[in-house]
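# Descriptive structure summary
What follows is each chain in one-letter form.
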Amino acid sequence: MEMASATGPLVRMLDPELSHIIGIQAAARRLLPRDTRPDPPALHTKVFGLDFPNPIGLAAGFDKNAEAVAGLMGLGFGFVEVGSITPKPQPGNPTPRVFRIPELKATINRYGFNNLGADAVQDHLLAFEAAAEKDPALKRGPLGVNLGKNKNSKDAALDYCIGLTKLATHADYLVVNVSSPNTPGLRALQGRKELEALVNQVKGTRDRMVWGQSGPPPLLIKVAPDLNELDKRDIAAVALACGVDGLIISNTTIQRPGEVANYPAAQEAGGLSGPPLFAMSTGVLSDMYRLTGGRLPLVGCGGVASGEDAYKKIRAGASLVQLYTVFAYEGPALIPRIKRELAECLKRDGFTSVADAVGADHPDIRRHNSSGKSSAAQAGSKKGWLW
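Values in this document were obtained by computation on a predicted structure and should not be read as measured data.

How each quantity is defined
- Residues numbered from 1 in each chain as written.
- Predicted model: local features only at pLDDT ≥ 70, side-chain atom pairs only at ≥ 80, totals over all residues.
- Heavy atoms only, no water.
- Helix = DSSP H or I, 4+ residues; strand = E, 2+ residues; numbered from the N terminus.
- Buried < 20%, exposed > 50% of the residue type's maximum accessible area, 1.4 Å probe, protein only.
- Areas by Shrake-Rupley, 256 points an atom, 1.4 Å probe, with all protein chains shown as cover.
- Lys, Arg positive; Asp, Glu negative; His and termini not counted.
- Charge placed at Lys NZ, Arg CZ, Asp CG, Glu CD.
- Pairing = 2+ DSSP bridges.
- Right-handed = clockwise from strand over helix to strand, strands pointing away.
- Axes fitted to C-alpha atoms, helices over the stretch in contact; angles between N-to-C directions.
- Parallel < 35°, antiparallel > 145°, perpendicular 65-115°, else oblique.
- Left-handed = near helix turned anticlockwise from the far one by under 90°.
- Contact = heavy atoms within 4.5 Å.
- Nonpolar A, V, L, I, M, F, W, Y, C, P; charged D, E, K, R; others polar.
- Salt bridge = Lys/Arg side-chain N within 4 Å of Asp/Glu carboxyl O.
- Expected span 1.5 Å × (residues − 1).
- Polar contact = N/O pair within 3.5 Å; in protein donor to acceptor, adjacent residues only side chain to side chain.
- pLDDT = per-residue confidence, 0-100.
- Patch = residues over 30% accessible without salt bridge, like charges linked within 9 Å, V, L, I, M, F, W, Y side chains within 5 Å.

### Some points on the overall build of the chain
The helix and strand inventory of the chain stands at 14 helices and 13 strands. With respect to the principal axes defined by its C-alpha atoms, the chain has extents near 65 × 50 × 50 Å. Burial analysis of the chain (387 residues in total) assigns 60% to the buried set. When the accessible surface of the chain is summed, it comes to about 15,700 Å², and 54% of that surface belongs to carbon and sulfur atoms. Charged side chains of the chain number 44 positive and 38 negative; the gap between the two group centres comes to 1 Å.

Encoded structure:
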């Protein structure tokens, strides 16, 4: 792991997007190290009815085309999410479109859902499934598929339904991405009326498909961190009323908080990711746990750089945690370190599992939910690796 991460300063001398491509190709060819060590039992968790060997996942945006799933899972992630994937191939926004702020381990990107399209990704997922059938160890944890809309599409819901129809059978869970700042009009889908209509149509499409005994894959919504209180209330209400299975909080931000504004890259349009996003995204995560009453599984994403960061997300209400940008800076060695640190945080505070710590910063909600379950039971008897 350390040797792979040590190549970072060399790769970082290249254009950020080229560095990203090199990282994907290295993972696709399984040139990255494979961590076969078992995860600490305290990190094992079950969410959406799925078993996760650990709660640390790779966020969408890294492997946009599902080219490197086996190699990335081999690094020790508890789950991997691919995409965002649109029905038709699209090139994304003009280059350059990725900008480093290495002093903060932050990045600004305006990729714009560049991907090969649902048909090509389906082929890649079929190839991964065939490889995993021969070697089950390749599929270390659940695989998420993140869906987007084509830039020029006039019917967003139809785009998500097309992507779902083609890719849902290859996914352990699905994500409807309505929060990228780099596709015009996309974030407008987070409005209450728009989101409700979208969720009902996409969920209806999923539920009309033929599924086996295990049923359809869970459906999650990925939201932005740039939300006011009314936005958050509306999203929580729609998620609960429409039977969404979970929320991912959050995508990148269009804001330039704190010292980010002091760097030239801050003038570039696009979404900011990395540690400067941590406080904002974790605040929204905490709010959404409160607004959903802890009844909906949440995935915390944004600015995670350590096991302590992951632990703070979990305490704020996250059942799972995703990262991307700091992984691009620090490389494969980051993953075992974060898992080790997270296990130490749990032990330090007396938690025997991740699930026990979820929402620990909201004792009143946890008490209420625990009381409800009890009643029901009684009634029932600066150097970057890639960037």
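### Looking at the pairing of strand E7 (residues 143-147)
On a regular strand, one side chain projects to one face of the sheet and the next to the other, so that they alternate. The buried fraction of E7 amounts to five of the five residues, a majority that puts the element mostly inside the structure. Across the two faces of E7 the burial is the same, with Leu143, Val145 and Leu147 and Gly144 and Asn146 all buried. The pairing of strand E4 (residues 79-85) with E7 spans four bridges and is classified as parallel. Considered in E7, the bridge of Val80 is made with Leu143. Both E7 and strand E8 (residues 173-177) contribute to a ladder of four bridges, which runs parallel. Within the sheet, the bridge partner assigned to Val145 lies in E8 and is Leu174. Crossover handedness for the path E7 to helix H6 (residues 156-167) to E8: right-handed.

### Quick notes on the packing of helix H10 (residues 307-316) against helix H12 (residues 334-348)
For the pair H10 and H12, the least separation of the axes is 7 Å and the interaxial angle reads 55°. In terms of orientation, H10 lies oblique with respect to H12. Crossing of H10 over H12 shows right-handed handedness. Between H10 and H12, the contacting residues are Gly307, Glu308, Ala310, Tyr311 and Ile314 on the first element and Ile338, Glu341, Leu342, Cys345, Leu346 and Arg348 on the second. Split into classes, the residues belonging to the contact of H10 with H12 amount to seven nonpolar, one polar and three charged.

### So, the pattern of salt bridges
Scanning the model with the defined rule gives 26 salt bridges in all. Salt-bridge contacts for Asp287 lead to Arg290; the nearest nitrogen and oxygen are separated by 3.4 Å. Of this pair, Asp287 and Arg290 both sit in helix H9 (residues 278-291), three residues apart, roughly one helical turn. Linking Glu308 and Arg348 is a salt bridge whose minimum nitrogen-to-oxygen distance equals 3.2 Å. With Glu308 in helix H10 and Arg348 in helix H12, the pair connects residues that are 40 residues apart, well separated along the chain.

### Describing helix H7 (residues 192-208)
Counted at 1.5 Å a residue, the expected span for H7 with its 17 residues is 24 Å, and the 24 Å between its end C-alpha atoms agrees. For H7, the full list of buried residues reads Leu195, Leu198, Val199, Val202, Lys203, Gly204, Thr205 and Arg206. Against H6, E8, strand E9 (219-223) and helix H8 (229-242) lie the buried residues of H7.

### A short note on the sheet that holds strand E13 (residues 318-323)
One closed barrel accounts for eight strands, arranged E3-E4-E7-E8-E9-E10-E12-E13; its pairing is parallel. Between one strand axis and the next, the sheet turns through 25° on average, direction left out of account. Sheet analysis places strand E3 (residues 56-58) next to E13, joined by three bridges and oriented parallel. In the strand pairing of E13, Leu58 is matched with Leu323. Its contacts with the sheet put H6 on E4, E7 and E8, and the angle it makes with E7 is roughly 155°.

### What about the side chain of Thr282?
Here Thr282 lies in helix H9. Side-chain polar atoms of Thr282 contact the side chain of Lys313, separated by 3.0 Å. Excluding residues that lie within four positions of it along the chain, Thr282 makes contacts with Lys312, Lys313 and Ala316.

### A short note on the sheet that holds strand E6 (residues 106-109)
With respect to topology, three strands assemble into an open sheet ordered E5-E6-E11, the strand pairing being antiparallel. Across the chains shown, the open sheet's two edge strands, defined by having one partner strand only, are strand E5 (98-101) and strand E11 (271-273). Averaged over all pairs of adjacent strands, the angle between strand axes in this sheet comes to 20°, irrespective of strand direction. Across three bridges, the pairing between E6 and E11 is antiparallel. Each residue of the ladder has a partner; that of Asn109, found in E11, is Gly271.

### Focus: the confidence of the model for the chain
Scored by pLDDT, the chain has a mean of 92; 92% of the residues are at 70 or more. The low-confidence segment residues 374-383 (pLDDT under 50) makes seven contacts with residues lying over four places distant or belonging to another chain.

### Considering a nonpolar patch on the surface
The grouping of Leu14, Leu18, Ile21 and Ile22 at the surface amounts to a nonpolar patch, some 300 Å² of accessible area in total. Structurally, Ile21 is set in helix H3 (residues 16-28).

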